[in-house]
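# Structure at a glance
Residue-level listing of the chains:
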Amino acid sequence: MSTEFDFLIKNVTIVEGTGKKAYFGNIGILGEKVHSLGEVKGDAKKEIDGKGLTAVPGFVDSHSHNDGMLLYYPNNESYVMQGVTSFVGGQCGSSPAPLADIIPVMGRLSEYLQEYVPYKYYPSQSLFPKEQVNAWMKEKFGWTIDWSTMGEYFQRVEAKGTSMNYVPLLGHRMVRYYVLGENNKRVATKKEVEEMGEVIRKALEDRCIGMSVGLDYDPDVFADRSELVEHVSILNDYPNAIFCPHSRRTGRRRGLGAGARQHDKIDGLNEIIDICRASKVKMNLAHIYTGWYIRPEDSAPEIIEEANRQATLDLIDKAIEEGLDITYDSIPSLAIGGFENLRYLCSLFAPWLREFGSPDELAKWLKVADYRSEIKEAISTGKIFWRVNWNPNLNPQWATNITIIKSKTPNVDDKTIAQIAAERKKDEMDTVLDLIAEDPYTRATTGTMKLQSTKLRAMFYKHPKACVGLDTSARDDKYEGKYPPYGIPASNTFDAFPRFFIQFVRDEPIFTLEEAVMKTSTQAAKVHALKGRGTINEGSYADIVLMDLPGLQTPADVMEPRRYPKGIDYVFVNGVPVVEKGVHTKATPGKVLRRE
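Residues numbered from 1 in each chain as written. Predicted model: local features only at pLDDT ≥ 70, side-chain atom pairs only at ≥ 80, totals over all residues. Heavy atoms only, no water.

## Quick notes on the overall build of the protein
- Helices and strands together make up the secondary structure of the protein, namely 17 helices and 22 strands.
- For 596 residues, the compact-globule estimate of 2.2 N^0.38 gives 25 Å, and the C-alpha radius of gyration of the protein, at 24 Å, lies within 12% of that figure.
- The dimensions of the protein, computed from C-alpha atoms along their principal axes, are 85 × 60 × 55 Å.
- Residues classed as buried in the protein amount to 61% of the 596 residues present.
- Sequence-distant contacts, at least 24 apart, represent 75% of the contacts inside the protein between residues at least 6 apart.
- By element, 50% of the accessible surface of the protein is carried by carbon and sulfur atoms, the whole surface being about 23100 Å².
- If you average the places of the 75 positive and of the 81 negative side-chain charges in the protein, the two averages end up 1 Å apart. (Helix = DSSP H or I, 4+ residues; strand = E, 2+ residues; numbered from the N terminus. Rg over C-alpha atoms; globule rule 2.2 N^0.38 Å. Buried < 20%, exposed > 50% of the residue type's maximum accessible area, 1.4 Å probe, protein only. Contact = heavy atoms within 4.5 Å. Areas by Shrake-Rupley, 256 points an atom, 1.4 Å probe, with all protein chains shown as cover. Lys, Arg positive; Asp, Glu negative; His and termini not counted. Charge placed at Lys NZ, Arg CZ, Asp CG, Glu CD.)

## As for the packing of helix α5 (residues 172-180) against helix α6 (residues 190-205)
- Contact pair α5 / α6: the axes reach a minimum separation of 10 Å and the direction vectors enclose 125°. When the interaxial angle is binned, α5 and α6 end up oblique. Taken as a pair, α5 and α6 cross one another with a handedness that is right-handed. Side by side, α5 and α6 meet where His172, Val175, Arg176, Tyr178, Val179 and Leu180 of the first sit next to Glu192, Glu195, Met196, Val199 and Ile200 of the second.
- Grouping the amino acids of the contact of α5 with α6 by side-chain chemistry returns seven nonpolar, one polar and three charged. (Axes fitted to C-alpha atoms, helices over the stretch in contact; angles between N-to-C directions. Parallel < 35°, antiparallel > 145°, perpendicular 65-115°, else oblique. Left-handed = near helix turned anticlockwise from the far one by under 90°. Nonpolar A, V, L, I, M, F, W, Y, C, P; charged D, E, K, R; others polar.)

## So, the side chain of Ser279
- Its location among the elements puts Ser279 in helix α8 (residues 265-279).
- The class of Ser279 is buried, set by a relative accessible area of 3%.
- Apart from the residues within four sequence positions on either side, Ser279 is in contact with Val229, Val232, Ser233 and Asn236.

## Things to note about the pattern of salt bridges
- Taken as a whole and assessed by the stated rule, the structure comprises 35 salt bridges.
- In this structure, Asp543 engages Arg533 in a salt bridge whose closest nitrogen and oxygen atoms are separated by 2.8 Å. Here Asp543 is found in the loop between α17 (513-527) and β19 (544-547), whereas its partner Arg533 is found in the loop between α17 and β19, with 10 residues between them in sequence.
- A residue is classified by how much of its surface remains accessible, and Asp543, at 5% relative accessible area, is buried.
- With a relative accessible area of 8%, Arg533 lands in the buried category.
- The network of salt bridges with common partners includes Arg372, Lys376, Lys426, Asp430 and Asp434. (Salt bridge = Lys/Arg side-chain N within 4 Å of Asp/Glu carboxyl O.)

## Quick word on the pairing of strand β20 (residues 568-573)
- Among the six residues in β20, five count as buried, and that is most of the element.
- Sheet topology note: the β19/β20 ladder contains four bridges and is antiparallel. Directly across from Leu546, in β20, lies its bridge partner Tyr570.
- As paired strands, β20 and strand β21 (residues 576-580) are joined by four bridges and run antiparallel to one another. Residue pairing in the sheet places Tyr570 in a bridge with Glu580 of β21.
- The turn joining β20 and β21, which pair antiparallel and follow one another in sequence, is formed by two residues; a positive phi near 50° is taken by Asn574. (Pairing = 2+ DSSP bridges.)

## Examining the pairing of strand β3 (residues 33-38)
- Bridge count for strand β2 (residues 23-30) against β3 is five bridges, and the pairing is antiparallel. Bridge pairing in β3 places Ile27 opposite Leu37.
- Counting the residues in the hairpin turn of β2 and β3 gives two residues, including Gly31, whose phi is positive at 65°.

## What about the environment of Tyr238?
- Along the polypeptide, Tyr238 turns up in the loop between α7 (225-233) and β13 (242-246).
- Spatially, the C-alpha atoms of Tyr238 and Tyr112 are 39 Å apart, while their sequence positions differ by 126 residues.
- Sequence-distant contacts of Tyr238, that is, excluding residues within four places in its chain, are made with Arg201, Leu204, Glu205 and Arg595.
- Among the polar contacts made by the side chain of Tyr238, one reaches the side chain of Glu205 at a distance of 3.2 Å. (Polar contact = N/O pair within 3.5 Å; in protein donor to acceptor, adjacent residues only side chain to side chain.)

## Details of the packing of aromatic side chains
- This model, assessed by the stated rule, comprises 30 aromatic pairs.
- Plain terms: the ring middles of Tyr461 and Phe504 are 6.4 Å apart, the flat faces sit at 50° to each other, and that makes the pair tilted. Of the two residues, Tyr461 is situated in the loop between α15 (454-457) and β18 (466-468) and Phe504 in helix α16 (residues 492-507); the sequence distance between them amounts to 43 residues. In this structure, Tyr461 and Phe504 share a single accessibility class: buried.
- Seen in terms of ring centroids, Phe504 and Phe511 are 6.0 Å apart; in terms of plane orientation they differ by 75°. Their pairing is edge-to-face.
- By relative accessible area, Phe504 is classed as buried at 0%.
- Three or more aromatic residues joined by ring pairs form one cluster here, namely Phe59, Tyr461, Phe497, Phe500, Phe501, Phe504 and Phe511.
- Here Lys20 stacks its cationic end above the ring of Tyr23, 4.6 Å away from the centre of that ring.
- A cation over a ring is seen here: Arg475 above Tyr479, with NZ or CZ 4.4 Å from the ring centre. (Phe/Tyr/Trp six-rings, centres within 6.5 Å; stacked < 30°, edge-to-face > 60°. Lys NZ or Arg CZ within 6 Å of the ring centre and 35° of its normal.)

## Structural notes on the side chain of Gln114
- Locating Gln114 in the fold gives a position in helix α2 (residues 113-116).
- Sequence-distant contacts of Gln114, defined by excluding residues within four places in its chain, comprise Tyr119, Arg354, Tyr483 and Pro484.

## What to know about α7
- Here α7 has its buried residues at Glu227, Leu228, Val229, His231 and Val232.
- Contacts from the buried residues of α7 go to α5, α6, β12 (210-214), β13 and α8.

## A short note on the nonpolar core
- Phe243, Ile326 and Phe501 are the most contacted members of the largest nonpolar core, which has 110 residues in total.
- Ignoring any residue separated from it by four or fewer positions in sequence, one finds Phe501 in contact with Phe59, Arg506, Leu513, Ala516, Val517, Thr520, Met547, Leu549 and Leu552.
- Formed by 33 residues, the second largest nonpolar core is a distinct cluster that contains Tyr344, Leu345, Trp386 and Ile404. (Core = buried A, V, L, I, M, F, W, Y, C linked by side-chain atoms within 4.5 Å.)

Geometry only, nothing functional implied.
See below:
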């Protein structure tokens, strides 16, 4: 007697993610799982003609901050529309719990904090009474934070519904906030370390898959080695638990004035490998970067960058050869607009936008010499932190990493700040301020991907321990920040996984189709012990993407990165289509994937 499937996908190229070569066949889905593969026959409630399409396991984002956005964007539009069916959240030491009586402002509420607690550079406090935060939440979003533990948050997410699967880590920063309260910018006492250990155990008993730390961020930046080793070692008591560290790359991002010298990132990697060695845990390094800050004045910077990446991988290989269980994820440097989108050039100057309320008012004041001097002094003394690539205090080449996209000022589009300053024979910072004064709505990008070859960008992924992590969270294609810096997401938020296949498989075949699936689905599922995920085989969960690889398109550009890809025709999560013929179905079959 033949089986009646819920869905029968016919005439499709199947990439299992098991190491088997792609083949042509059918897929029978029954309930939330794959029932049959290959020459499948039988009746189905619904048949899908997969002619010309490729079936791959749903993509798994190994490094995400989407746990903080699940209740704001339960349909997870920017994720599922590009084929992501599961994400590993709770990264960089931040998670939705544990929460005490005083808590940080989290999620989208942080965008509105300046309404309630006006500030210029940074808020004067990091924690607020939970009752106060909930009053703000009720006013802005109509709901409140009614959980205190990770387990309670899981229940809240499941009650709300989600279009994708959430793989939860505990954030160590939240543990420090919970125990130390406002007095958290210090080394913890032995008693406090023990108390934090009990909080960690509670979250692991709620079946978090492991724990993350964020060693560039308060209050984890103040944790000493003994605290970190003791807390990370707790993971050994819980099967399959994993340690996911954001290593110390910049150190605390405050007060880094002109001439500040950062430690090389390799020091942070060595530190975290030492913690892995001392605690004997399984570790997945978060969003790996090159180990050294290099300011090439060389004529062949790509050669230097390639050597930098290889030396970083050599360090990891040496630790693996020693017997340490280490993997890593890397952000695809494929985004249009760079890691984050500036939107406007003036977005760099958020403190003064807050002060004056609009780009137009800021532009007027930039023509006042004393006020301009005040801004330049504040930047040079490190009162505000810009990312290292375009930070004038830390990177002598900063002005080469900001490009004007569109301005009313003639003859500046598609030029870097360094180029414009040279043409005008002016100081580079003054050039930035001049451009804003001339057109306060000048569009700019910090993207530098055009400087790197496809081979170089793929380098970290060729390693057998690598997988993809986006370091982003879900949005819809209408999202924009209401207040300075008026942020909009970079295109990675909307199209990183399809772009991976376009650039590394279809257009410049650095990876085979099977290898690309390992990087985007299988490896992350294996690393985080997601049983039945990351593969398409009989008995696996039906997290499946049907994509038109020849017709795959990513229409995002630097002016408008908030565009969904084309060619992601169907996306199944737990056997339910959340994308059908390229349209979100609004279904919410996602689960919290607790530790096995």
